[in-house]
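Examination of the molecular architecture
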Amino acid sequence: MRSFVKNLTNGIVRSNPTFILLLGLCPTLAVSTSLDNAVGMTGAVLFVLLAANVIVSLLRRWIPNRVRIPTFIVIIATLVTIVDLALQGFAWSLSQSLGMYIPLIVVNCIILGRAEAFASRNNVRQSVADAIGMSIGFGVAILLISLVRQLLGTGSLEVFSIRLFSVPGLADNPASIFLLPMGAFFVIGILLALFRWMGVSECE
Amino acid sequence: MATKRSAAYPIVFLTLVVLFSVVALTLVNEVTEERIAANKREAIKQMLAELFPEMADFTQDEGSGLYSLFDTSAVVTDGETGETSVLSGSLPIGYAFMTDGRGYGGKIGILVGLEVDQAVRGIRIISHQETPGLGAKITQIGFLDQFAGLSPGELAIRRDGGAVDAITGATISSRAVAEGVVQGIVDMTAALEAVGEGGP
């Protein structure tokens, strides 16, 4: 049980996929323009990462070393396609709001990275802990980045069409640069530097 | 069956994984295909109903993708299944089609509604990847409503001699929408004429 908790918390802070491992930055930078997107992407990552980790962990004794990466990719791509079709068939409105993020999961290196580095070497229980922890870590990171970008880029905070508050002055003249790709690099760079400086993350 | 040590094992294993994946996807597709098609049709119907609230049902021309819209007088409902169908030979109350413009961030998918006399009823943005806060404002109703009632000659932003006010800081996106609509009408000319002639 202790190692379960340890593996769970590992992904949140010590091996945070975004801020420490720097995995899956491409989709993270691309969709972190609003909190809605961040929530949708986190849900999709949680589901696919969990399923991929469980399947890879179950098959780990039989997966030949030389073709392990193609095997992982086939498993992940199959899962993503199933999720995509199931959502479109049974939860149309959800699939419309998540639609563009589902295919992005295939290119999210977090999934492949955890299959290779963790699930293929650990039992199912630990792999589940790892998947949940990594997803939470990813969620915290992308929410944080989205929060900064949405706040500075639009001057107000809006979650699922509910306006929480707007910053006087900034709302009329928002710094749209933070919504552009270069703004994403600024924000993630400054956040990384901040975490290093605070000592949350240490260079390994 | 090849043993784990043999050179053939990886090939056999990967083949099995792919086969399993194919079977799983075929099954899922089998289960979801009809539901997805029905969901898509319902979604299109809702979008069309936004432009034509009086619409009861629509048909789509397979070749061109042109939608012909009909009101309740042309639609019969099956008492048992509740499914609706359009009486053949009915006169459409309007047309609609999908087109796209070349925006700043890629293709902008546009739904265009046309009156029977081919003036624009209204347009909606279906998909886009324009810059949030700038080009993404093309989805705002204030911008889109400018297109209602315009004839093809007026379908351009003011800088290009048309009647549409471009969004500040997003000239390329605004122009892409206007040009997409014009191009769409041009592309649909043949289909529109065919539908018009086909009527009673």
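1. So, the overall build of chain A
On a plain count of helices and strands, chain A comes out with 9 helices and 2 strands. In sequence order, chain A lays out its α and β elements as α-α-α-α-α-α-α-α-β-β-α. Against the compact-globule benchmark of 17 Å for 204 residues, chain A has a radius of gyration of 18 Å, which places it among compact chains. Principal axes of the C-alpha set define a box for chain A whose edges measure 60 × 45 × 30 Å. The buried share among the 204 residues of chain A stands at 39%.

2. A word on the overall build of chain B
Helices and strands together make up the secondary structure of chain B, namely 3 helices and 7 strands. A compact globule built from 200 residues should have a C-alpha radius of gyration of about 16 Å, whereas chain B, at 23 Å, is more than 25% larger. Taking the principal axes of its C-alpha atoms as reference, chain B extends roughly 75 × 50 × 30 Å. Out of the 200 residues in chain B, the part that is buried amounts to 32%. The contacts of chain B with a sequence gap of at least 6 include a subset with a gap of at least 24, amounting to 48%.

3. Regarding the domain arrangement of chain B
Residue and element names in this part refer to chain B. On domain assignment, one finds that chain B holds domain 1 (1-51) and domain 2 (94-198). Measuring from the centre of the C-alpha atoms in domain 1 to the corresponding centre in domain 2 gives 36 Å. Contacts between the two partners involve 4 residues from domain 1 and, on the opposite side, 6 residues from domain 2.

4. Overview of the interface of chain B and chain A
Each side of the interface is counted separately: chain B has 20 residues, and chain A has 23 residues. Here the side of chain B that touches chain A is built from residues that sort into 13 nonpolar, 6 polar and 1 charged.

5. A closer look at the confidence of the model for chain B
Do not read the fine detail of predicted coordinates wherever pLDDT is low. When pLDDT is averaged along chain B, the result is 84; 94% of the residues meet or exceed 70. At the level of chain-chain contacts, confidence expressed as ipTM amounts to 0.73, with global pTM at 0.74.

6. Notes on the environment of serine 135 of chain A
Residue and element names in this part refer to chain A. Along the chain, serine 135 turns up in helix H8 (residues 124-154). Separated by 46 residues in the primary sequence, serine 135 and proline 181 have C-alpha atoms spaced 23 Å apart. Ignoring any residue separated from it by four or fewer positions in sequence, one finds serine 135 in contact with Thr42, Val45, Leu46 and Leu49.

7. Some remarks on helix H1 (residues 9-51) of chain B
A rise of 1.5 Å per residue sets the reference length of H1 of chain B, with its 43 residues, at 63 Å; its end C-alpha atoms lie 59 Å apart and thus fit the reference within 8%. At threonine 32 of chain B, H1 of chain B shows its maximal kink, close to 45°. Buried residues of H1 of chain B: Phe13, Val17, Ile36, Leu48 and Leu51 of chain B, and no others. Where H1 of chain B is buried, its residues meet helix H4 (68-90) of chain A together with strand S1 (57-60), strand S2 (67-70), strand S5 (94-102), strand S6 (107-114) and strand S7 (120-127) of chain B.

8. Re the nonpolar core
Val45, Val48, Leu49, Ala52, Ile76, Ile105 and Ile111 of chain A are the most contacted members of the largest nonpolar core, which has 40 residues in total. Elements represented by at least two residues in this core include exactly helix H2 (25-31), helix H3 (35-59), H4, helix H6 (101-106), helix H7 (109-119), H8 and helix H9 (181-198) of chain A. When residues of this core are assigned to their parent elements, the largest contribution, 10 residues, is made by H3 of chain A. Leave out the neighbours within four places in its chain, and isoleucine 111 of chain A touches Val48, Leu49, Ala52, Ile76 and Ile105 of chain A. Residues Ala74, Val112, Phe147 and Ile157 of chain B belong to the second largest nonpolar core, which totals 38 residues.

9. Considering the sheet that holds S1 of chain B
Residues and elements named next belong to chain B. Taken together, the 5 strands give an open sheet; going across it, the order is S1-S2-S5-S6-S7, and neighbouring strands pair in antiparallel fashion. A strand with exactly one partner marks an edge of an open sheet, and here the two such strands are S1 and S7. If you compare each strand with its neighbour and ignore which way they point, the axes differ by 25° on average. In terms of strand pairing, S2 meets S5 through 3 bridges, oriented antiparallel. Bridge pairing in S5 places leucine 69 opposite glycine 94. Its contacts with the sheet place H1 against S1, S2, S5, S6 and S7, and it is angled at close to 145° to S7.

10. Regarding the pairing of S5 of chain B
Residue and element names in this part refer to chain B. Here 8 bridges tie S5 to S6, and the two strands are oriented antiparallel to one another. Among the inter-strand pairings, tyrosine 95 is bridged to a residue of S6, identified as leucine 114. Linking S5 to S6, which pair antiparallel, is a turn of 4 residues; within it glycine 106 sits at a positive phi near 130°.

11. Some remarks on the pairing of strand S1 (residues 156-159) of chain A
Residues and elements named next belong to chain A. Pairing between S1 and strand S2 (residues 162-166): 4 bridges, direction antiparallel. In the sheet register, valine 159 faces S2, and the bridge partner there is isoleucine 162. Once S1 ends, the chain turns through 2 residues before running back antiparallel as S2, passing phenylalanine 160 with a positive phi of about 45°.

12. Topic: unusual backbone geometry
Residue and element names in this part refer to chain B. Even without glycine at this site, glutamine 118 takes up a positive phi of about 70°. Relative to the assigned elements, glutamine 118 resides in the loop between S6 and S7. In this structure glutamine 118 comes out as partly exposed when scored by C-beta crowding, with 16 C-beta atoms within 10 Å.

13. Brief notes about H4 of chain A
If you check H4 of chain A, its first and last C-alpha atoms are 33 Å apart, about what 23 residues at 1.5 Å a residue would give, namely 33 Å. Those residues of H4 of chain A that fall on the buried side of the exposure criterion are Thr71, Phe72, Ile75, Ile76, Thr78, Leu79, Val80, Asp84, Leu85, Leu87, Gln88 and Gly89 of chain A.

What counts as what
Residues numbered from 1 in each chain as written. Chains lettered and ligands numbered in written order. Predicted model: local features only at pLDDT ≥ 70, side-chain atom pairs only at ≥ 80, totals over all residues. Helix = DSSP H or I, 4+ residues; strand = E, 2+ residues; numbered from the N terminus. Rg over C-alpha atoms; globule rule 2.2 N^0.38 Å. Buried ≥ 20, exposed ≤ 12 C-beta atoms within 10 Å, placed from the backbone. Contact = placed C-beta atoms within 7 Å. Domains from an automatic or database assignment. Nonpolar A, V, L, I, M, F, W, Y, C, P; charged D, E, K, R; others polar. pLDDT = per-residue confidence, 0-100. Expected span 1.5 Å × (residues − 1). Bend = angle between axes of the 7 residues up to and from the residue. Core = buried A, V, L, I, M, F, W, Y, C linked by C-beta atoms within 7 Å. Pairing = 2+ DSSP bridges. Axes fitted to C-alpha atoms, helices over the stretch in contact; angles between N-to-C directions.

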